[in-house]
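# Fold and contact review
Here's the letter readout for the chains.
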Amino acid sequence: WLLALVLLASLAALGYRQGVIRVAFSVIGIFAALWLAGPFAVIARKGLVAAGVKHLTLLWLLAPFVVFVVVLTIFKIIGLVAHQRVALYYKYKAPGLRAARWERLHMRLGLCLGLVNATVYLVLISVVIYALSYWTVQMATSDQDGRGMRILNRMGWDLQRTGMAKAAEAIDPMPAVYYEVADLAGLIYHPP
């Protein structure tokens, strides 16, 4: 819940500060980036290989993330340009009362869309934690595990306790074979 509170509070405040136009482009950018991350991951993998990344797991994880960040950045730049044009209009051409009403509406709707933005990020982070912790929980021994693995296991268990695992499962893009192999590896690693 701490992650949820931090995301909701920070992105709501950021949405209030940035305004509705920039945050709306950010929300649309998140969905467009998710939609394009899979198809363009092949191109990103080739670019990462050319950059010197050779580890297969790292390529598999980084390629969609790179596409996500690039597409989201493009949408944020477009949102910034649109915001600047609208701000210039209301600053120099709109009457004072109309500009004040727009500014109030702009900030308050930005806060609301900031909360939507935080919710989408929370679900996406939950999906990543769920997919990675499914493996690490299967392979956990005890106190011999590294700190990173213990933290990831803890976050995976917290997803189960809070019920966010259900939301993560609902939109999880991983095939069923991924989890079946993790179960099989867990049975081999910890025989009953």
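Note that the structure is predicted; figures quoted are calculated from it, not measured. (Residues numbered from 1 in each chain as written. Predicted model: local features only at pLDDT ≥ 70, side-chain atom pairs only at ≥ 80, totals over all residues. Heavy atoms only, no water.)

### Regarding the overall build of the protein chain
When its secondary structure is counted, the protein chain shows seven helices and zero strands. Helices and strands in the protein chain line up, N terminus first, as α-α-α-α-α-α-α. Relative to the globule expectation of 16 Å for 192 residues, the C-alpha radius of gyration of the protein chain, 21 Å, shows a markedly less compact shape. C-alpha atoms of the protein chain, sized along the principal axes, occupy 75 × 40 × 25 Å. Considering only intrachain contacts with a sequence separation of at least 6, the fraction spanning at least 24 residues in the protein chain is 78%. Total accessible area computed for the protein chain in this model is approximately 12300 Å², and 71% of it derives from carbon and sulfur atoms. Charged side chains of the protein chain number 18 positive and 8 negative; the gap between the two group centres comes to 23 Å. (Helix = DSSP H or I, 4+ residues; strand = E, 2+ residues; numbered from the N terminus. Rg over C-alpha atoms; globule rule 2.2 N^0.38 Å. Contact = heavy atoms within 4.5 Å. Areas by Shrake-Rupley, 256 points an atom, 1.4 Å probe, with all protein chains shown as cover. Lys, Arg positive; Asp, Glu negative; His and termini not counted. Charge placed at Lys NZ, Arg CZ, Asp CG, Glu CD.)

### Structural notes on the packing of aromatic side chains
The tally for this structure, following the rule as stated, stands at two aromatic pairs. For the pair Y89 and Y90, a centre-to-centre distance of 5.1 Å together with 80° between the ring planes defines the contact as edge-to-face. We classify Y89 as partly exposed; its relative accessible area is 33%. Ring centres of Y90 and W102 lie 5.0 Å apart, and the angle between their planes is 10°; on these two criteria the pair is classed as stacked. One end of the pair, Y90, is in helix α3 (residues 56-92); the other, W102, is in helix α4 (residues 96-139), with twelve residues separating them in the sequence. Both residues of the pair, Y90 and W102, count as buried. One aromatic cluster in this structure is built from Y89, Y90 and W102. (Phe/Tyr/Trp six-rings, centres within 6.5 Å; stacked < 30°, edge-to-face > 60°. Buried < 20%, exposed > 50% of the residue type's maximum accessible area, 1.4 Å probe, protein only.)

### Here we look at the layout of surface pockets
The computed volume of the largest pocket comes to approximately 880 Å³. Forming the boundary of the largest pocket are 21 residues, of which L61, P64, F65, V128 and P173 lie nearest the centre. Contributing elements (two or more residues each) for the lining of the largest pocket: α2 (20-51), α3 and α4. Top contributing element to the lining of the largest pocket by residue count: α4, with seven residues. A class-by-class count of the residues in the lining of the largest pocket yields 18 nonpolar, one polar and two charged. Approximately 260 Å³ is the volume attributed to the second largest pocket. Around the second largest pocket sit 13 residues that line it, and W1, L2, L3, D158 and L159 are the ones nearest its centre. (1 Å grid on protein atoms, 1.4 Å probe; cavity = no way out; pocket = protein on both sides within 12 Å on 5 of 7 lines; lining within 4 Å. Points joined across faces, edges and corners; volume = space filled by probe spheres on them. Nonpolar A, V, L, I, M, F, W, Y, C, P; charged D, E, K, R; others polar.)

### A word on the side chain of S126
Here S126 shows up in helix α4. Looking at S126, the relative accessible area reads 2%, which means it is buried. Every residue in contact with S126, bar those within four places of it in the chain, is listed here: L159, M164 and A168.

### Digging into a nonpolar patch on the surface
Taken together, the side chains of F65, V66, V69, V70, I74 and I78 make up a nonpolar region of the molecular surface, amounting to roughly 490 Å² of accessible area. Note that I74 resides in helix α3. (Patch = residues over 30% accessible without salt bridge, like charges linked within 9 Å, V, L, I, M, F, W, Y side chains within 5 Å. Salt bridge = Lys/Arg side-chain N within 4 Å of Asp/Glu carboxyl O.)

### So, helix α7 (residues 176-189)
Residue pairs three or four apart in sequence face the same way in an α-helix, which turns once every 3.6 residues. In this model α7 runs 20 Å from its N-terminal to its C-terminal C-alpha over 14 residues, within 8% of the 20 Å that 1.5 Å per residue would give. Among all positions in α7, only Y178, Y179, A182, A185 and G186 are buried. Buried residues in α7, looked at end-on, bunch into an arc of 120°, giving them a common side. In this structure, α7 carries V177, E180, L187 and I188 as exposed residues pointing more than 90 degrees from its buried face. (Expected span 1.5 Å × (residues − 1). Arc of directions from axis to C-beta.)

### Remarks on the environment of A12
With respect to the helices, strands and loops of the structure, A12 is situated in helix α1 (residues 2-18). Separated by 25 residues in the primary sequence, A12 and A37 have C-alpha atoms spaced 26 Å apart. In contact with A12, other than residues within four places in its own chain, are L7, L111, G114 and L115.

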